[in-house]
Amino acid sequence: MLALLLVLTATSAASASDFWDEVKTPGLRAYRHDVSRARMALRARRLAQARDAASAAIERLPTRPEAWLVRGLAAGEAGDLASCAGDLERAHAVDAAALEDPVDGARAGELLARAGRHELAAEILGRILARMRASDGRRGLYALYGDVLLSLGPSRRAEAERAYREALRTAPHDPRAALGLALALRRSDADDEEWRELGRRVAALGRLDALLLGLDVPEVERSARRAVVLEAVGDARGARAAWASVASRGPWAEHARTILEAGR
């Protein structure tokens, strides 16, 4: 009897809460229903349905972040990266805390990196990693975090190095993190053997093109990683051609030109 009374009391309290939520925010109940439908459709990979349901929620309450987030994730899964980035940026602008959920935030960070929004991706991934418990997923996110930080230019280089080292701490043979760390160290202008050893280790795997293709970084950052590996194995001519590509544009162009000038 006591258990039944507790259940009825809790149900009554929840109903009262829903009632007053609706009074304070008209349309909230329907909004939550639409968001729930959107999330279920997203989990089932019914991406058009997920986007439609999220859009319906946005029409009801455009100043709440979750529908923007879910619609952005669905757009990203569908390959519409421009719409994805726009919706995720809107969710973040409405309430940055909406992207702090480890699952939603990690996927948002990955999609924003793929869309070339590295500044926002770095912010979201940094907040997610600070809250996540140790796991394989966290290790993979550290490598991605390093990639987006390094893409932003010299002011974030030291942070990128720390992210790559954290990724390698739990996965010493991760080629993505090893390659990123090699580049971060090369860009520190430290004249040591560590970056060369990392570059040779990646080269020995024999899958450099596939590894580079799988990175969510600008093309010049792929060229920079290629240059580091070619330098490490002694291919000065190939490395110079790759650095020349990096020197043409981007936040690391000046550093690449310095390397080219030093090699004359």
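Our subject is the structure that appears above.
All values derive from a computational prediction rather than experimental measurement. (Residues numbered from 1 in each chain as written. Predicted model: local features only at pLDDT ≥ 70, side-chain atom pairs only at ≥ 80, totals over all residues. Heavy atoms only, no water.)

Colleague: Break down the overall build of the protein for me, citing the residues and quoting the values.
Modeller: Of regular secondary structure, the protein possesses 15 helices and zero strands. Expressed as a percentage of its 264 residues, the buried residues of the protein come to 47%. In the protein, the proportion of contacts linking residues at least 24 apart, taken out of those at least 6 apart, comes to 55%. Accessible surface, the protein as shown: approximately 13,300 Å² in total, 53% of it carbon and sulfur. (Helix = DSSP H or I, 4+ residues; strand = E, 2+ residues; numbered from the N terminus. Buried < 20%, exposed > 50% of the residue type's maximum accessible area, 1.4 Å probe, protein only. Contact = heavy atoms within 4.5 Å. Areas by Shrake-Rupley, 256 points an atom, 1.4 Å probe, with all protein chains shown as cover.)

Colleague: So what's going on with helix 11 (residues 194-205)? Which residues, and what values?
Modeller: A rise of 1.5 Å per residue sets the reference length of helix 11, with its 12 residues, at 16 Å; its end C-alpha atoms lie 17 Å apart and thus fit the reference within 8%. The complete set of buried residues in helix 11 reads Trp-195, Leu-198, Gly-199 and Val-202. The buried side chains of helix 11 occupy one side of the element, clustering within an arc of 100 degrees when seen end-on. In this structure, the buried side of helix 11 is in contact with helix 10 (175-186), helix 12 (208-213) and helix 13 (219-232). One or two residues past the end of helix 11 sits Gly-206, with phi positive at roughly 75 degrees. (Expected span 1.5 Å × (residues − 1). Arc of directions from axis to C-beta.)

Colleague: Outline the nonpolar core, supporting the account with residue identities and numerical values.
Modeller: The biggest cluster of nonpolar side chains holds 82 residues, and the ones touching the most others in it are Leu-141, Tyr-145, Val-148 and Trp-243. Not counting residues up to four positions away in its chain, the partners in contact with Leu-141 are Ala-106, Glu-110, Leu-125, Ile-128, Leu-129 and Met-132. (Core = buried A, V, L, I, M, F, W, Y, C linked by side-chain atoms within 4.5 Å.)

Colleague: Describe in detail the pattern of salt bridges, supporting the description with residues and values.
Modeller: Pairing of side chains with opposite charge becomes possible as their charged atoms draw close. A full pass over the atoms with the stated rule returns 29 salt bridges. Between Arg-169 and Glu-166 there is a salt bridge; the shortest N-O distance is 2.8 Å. Remark: Glu-166 and Arg-169 occur in helix 9 (residues 157-170); sequence separation between them is three residues, near one turn of the helix. Measuring nitrogen to oxygen at the nearest pair gives 3.5 Å for the salt bridge that ties Glu-221 to Arg-225. One end of the pair is Glu-221 and the other is Arg-225, both in helix 13 and four residues apart, which spans about a single turn. Each member of the pair, Glu-221 as well as Arg-225, is classed as buried. Sharing partners across several salt bridges, the network here consists of Asp-147, Arg-176, Arg-187, Glu-221 and Arg-225. (Salt bridge = Lys/Arg side-chain N within 4 Å of Asp/Glu carboxyl O.)

Colleague: I'd love a proper account of the side chain of Arg-187, names of residues and values included.
Modeller: Within the secondary structure, Arg-187 is located in the loop between helix 10 and helix 11. In this structure the side chain of Arg-187 is engaged in a polar contact, spanning 2.8 Å, whose partner is the side chain of Glu-221. Once residues within four sequence positions are removed from consideration, Arg-187 is found in contact with Leu-150, Arg-157, Glu-221, Ala-224, Val-246, Trp-252 and His-255. (Polar contact = N/O pair within 3.5 Å; in protein donor to acceptor, adjacent residues only side chain to side chain.)

Colleague: Account for empty space enclosed by the protein, with residues named and values stated.
Modeller: Applying the stated rule across the entire model yields one cavity of 30 Å³ or more. Space inside the largest cavity adds up to approximately 40 Å³. Around the largest cavity, the lining residues are Pro-175, Val-202, Leu-205, Arg-207, Leu-208 and Leu-211. Counting only elements with at least two residues in the lining of the largest cavity, the list comes to helix 11 and helix 12. Among the residues forming the lining of the largest cavity, the class breakdown is five nonpolar, no polar and one charged. (1 Å grid on protein atoms, 1.4 Å probe; cavity = no way out; pocket = protein on both sides within 12 Å on 5 of 7 lines; lining within 4 Å. Points joined across faces, edges and corners; volume = space filled by probe spheres on them. Nonpolar A, V, L, I, M, F, W, Y, C, P; charged D, E, K, R; others polar.)

Colleague: Explain the side chain of Asp-174 to me, using residue names and the numbers behind them.
Modeller: Within the secondary structure, Asp-174 is located in the loop between helix 9 and helix 10. Ignoring any residue separated from it by four or fewer positions in sequence, one finds Asp-174 in contact with Ala-143 and Leu-168.

Colleague: Run through helix 10, naming residues and quoting values.
Modeller: Between its terminal C-alpha atoms helix 10 stretches 16 Å, which fits the 16 Å expected from 12 residues at 1.5 Å a residue. The buried fraction of helix 10 amounts to 11 of the 12 residues, a majority that puts the element mostly inside the structure. Regarding helix 10, the residues found buried are Pro-175, Ala-177, Ala-178, Leu-179, Gly-180, Leu-181, Ala-182, Leu-183, Ala-184, Leu-185 and Arg-186. The N-terminus of helix 10 is capped by Asp-174, whose side-chain oxygen sits 3.1 Å from the backbone nitrogen of Arg-176.

Colleague: Report on unusual backbone geometry, specifying residues and quantitative values.
Modeller: With a phi angle near 65 degrees, Arg-45 is a residue other than glycine that sits in the positive phi range. The topology assignment puts Arg-45 in the loop between helix 2 (28-43) and helix 3 (47-60). Judged by its relative accessible area of 49%, Arg-45 is partly exposed.

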